[in-house]
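# Observations on chain architecture
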Amino acid sequence: MIRIGNTEFENNIFLAPMAGITDKPFREICRSFGAGVVYSEMISAKGLYYNDKKTASLMNMAGESPCAIQIFGSEPEIMAEIVPKVMEFKPDIIDINMGCPAPKIVNNGDGSALMKTPELMGKIVRAVSDVSPVPVTVKFRKGWDSDNSILCAHILEDNGAAAVAVHGRTRKEFYSGKADWDVIKRIKDELKIPVIGNGDIFSAGDAVRMFEYTGCDAVMVARGAQGNPWIFTQIHELIGSGEVRTMPEPKERLTTALGHIERLIAEKGESRGIKEARKHIAWYIKGMRGAAAIKTEIFKISDFATMHRTLKTYIDNI
């Protein structure tokens, strides 16, 4: 249980927003395995402001409550202006990305680049929270190239953030090395609002250790869910009974991968769906016998019939 603003969420194991990953099919699969709040991919505030249809399509979260739509930008007025457009899709939370390290994001002053200007972070949160009918949260990092997370966290809280999600790496570190959970612990000790821990949750044990070490109110699973939606079930099992019982066999993993492909095609059409499915399949089969060879074959396939036949043969022979 976690309360964010005036809203209570029964499940505090969240699926992190990931660009190009957390589309509707992926979110639905992760929710079916126990993800609590699920997040959209990053939504460009400017894209919405200028009525870009592709940008708006990323907010299709019908039937997915509780859910969060994550927006990014660096102009407070534009961020506030697009809130009504976001609310048309009925999110339970509006999340602001202040942690993305991608060059195409930070080069425009967005994402983790905002951590270089903490005052601007505050202005953005204040502008959005003043007009949002739902809780406004922020996902940010340890800092740009050094740790200024405590300063930023206080500014966010003081300007209306209902909760913060903290990734324990600087932008300079990208995803290298080990996430600094001490940062999450310090922020949890400092703030009154809920703190969501993020970074290096690759197993149920990792999630439990993060809860115990940092005292965080929720954990947010990102890369650990890629090809492994069972991680949500496993976290709940470990917290509830002290042991993980769900250990999917290769055939179950491949059957789930096939279902994932079908969802992608239904959502995006065969051509685009197959192309986007390739990376997911590579994650599903990672570590399996013969995975390297089948991965090479999969990345050459462009139609569902061939993909289905290839994976079914692999399932039958694994």
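What comes next is a walk through the structure. (Residues numbered from 1 in each chain as written. Predicted model: local features only at pLDDT ≥ 70, side-chain atom pairs only at ≥ 80, totals over all residues. Heavy atoms only, no water.)

In this structure, Ile96, Met98, Phe140 and Val164 are the most contacted members of the largest nonpolar core, which totals 79 residues. For this core, the element with the highest residue contribution is helix H10 (residues 204-214), accounting for five residues. The contact partners of methionine 98, leaving out residues within four places of it in the chain, are Gly111, Ser112, Leu114, Met115, Met121, Ile124, Val125, Val138, Lys139, Phe140, Arg141 and Leu156. Core analysis: the next-biggest nonpolar cluster, separate from the first, contains 18 residues, Ile274, Ile281, Ile294 and Met307 among them. (Core = buried A, V, L, I, M, F, W, Y, C linked by side-chain atoms within 4.5 Å. Buried < 20%, exposed > 50% of the residue type's maximum accessible area, 1.4 Å probe, protein only. Helix = DSSP H or I, 4+ residues; strand = E, 2+ residues; numbered from the N terminus. Contact = heavy atoms within 4.5 Å.)

Following the criterion strictly, the structure yields 16 salt bridges and no others. Its salt-bridge partner being lysine 24, residue glutamate 28 comes within 4.0 Å of it at the nearest N-O pair. With glutamate 28 and lysine 24 both in helix H1 (residues 24-32), this residue pair falls four residues apart, about one helical turn. What makes glutamate 28 partly exposed here is its relative accessible area of 28%. Overall, the relative accessible area of 11% leaves lysine 24 in the buried class. (Salt bridge = Lys/Arg side-chain N within 4 Å of Asp/Glu carboxyl O.)

The next thing to look at is the state of the cysteines. This model, assessed by the stated rule, comprises zero disulfides. With no disulfide of its own, cysteine 30 lies 14 Å from the sulfur of cysteine 67, the closest cysteine sulfur. The thiol of cysteine 216 is not disulfide-bonded; the next cysteine sulfur, from cysteine 30, is found 19 Å away. (Disulfide = S-S within 2.5 Å.)

What follows is about the packing of helix H12 (residues 250-268) against helix H15 (residues 304-317). Between H12 and H15, whose axes approach to 10 Å, the crossing angle comes to 170 degrees. By the criterion of interaxial angle, the relationship of H12 to H15 is roughly antiparallel. On the side of H12, the interface is formed by Lys251, Leu254, Thr255, Leu258, Ile261, Glu262 and Ile265, while H15 contributes Phe304, Met307, His308, Leu311, Lys312, Tyr314 and Ile315. (Axes fitted to C-alpha atoms, helices over the stretch in contact; angles between N-to-C directions. Parallel < 35°, antiparallel > 145°, perpendicular 65-115°, else oblique.)

With that settled, consider the environment of alanine 162. Following the sequence through the fold, alanine 162 ends up in the loop between helix H8 (149-158) and strand S8 (163-170). Judged by its relative accessible area of 12%, alanine 162 is buried. A sequence separation of 31 residues divides alanine 162 from isoleucine 193, and the C-alpha atoms of the two residues are 6.1 Å apart. Not counting residues up to four positions away in its chain, the partners in contact with alanine 162 are Ile4, Gly5, Pro135, Val136, Ile193 and Pro194.

Moving on, we come to the pairing of strand S10 (residues 218-221). Across the two faces of S10 the burial is the same, with Ala218 and Met220 and Val219 and Val221 all buried. The pairing of strand S3 (residues 13-15) with S10 spans three bridges and is parallel. Bridging across to S10, isoleucine 13 finds its partner in valine 219. Looking at chain direction, strand S9 (residues 195-198) and S10 are connected through three bridges and run parallel. When the sheet's bridge partners are listed, isoleucine 196 is paired in S10 with alanine 218. You can see the chain leave S9, run along H10 and come back into S10, and the turn it takes is right-handed. (Pairing = 2+ DSSP bridges. Right-handed = clockwise from strand over helix to strand, strands pointing away.)

Structural remark: α-helix, 3.6 residues per turn; residues separated by three or four positions point the same way. Look at helix H11 (residues 230-241): 16 Å from first C-alpha to last across 12 residues, which is about the 16 Å you get at 1.5 Å a residue. Taken as a whole, H11 has its buried residues at Trp230, Ile231, Phe232, Thr233, Gln234, Ile235, Glu237 and Leu238. At its buried positions, H11 is contacted by S3, H1, H10, S10, H12 and helix H13 (270-285). Just downstream of H11 lies glycine 242, where phi reads positive at about 85 degrees. (Expected span 1.5 Å × (residues − 1).)

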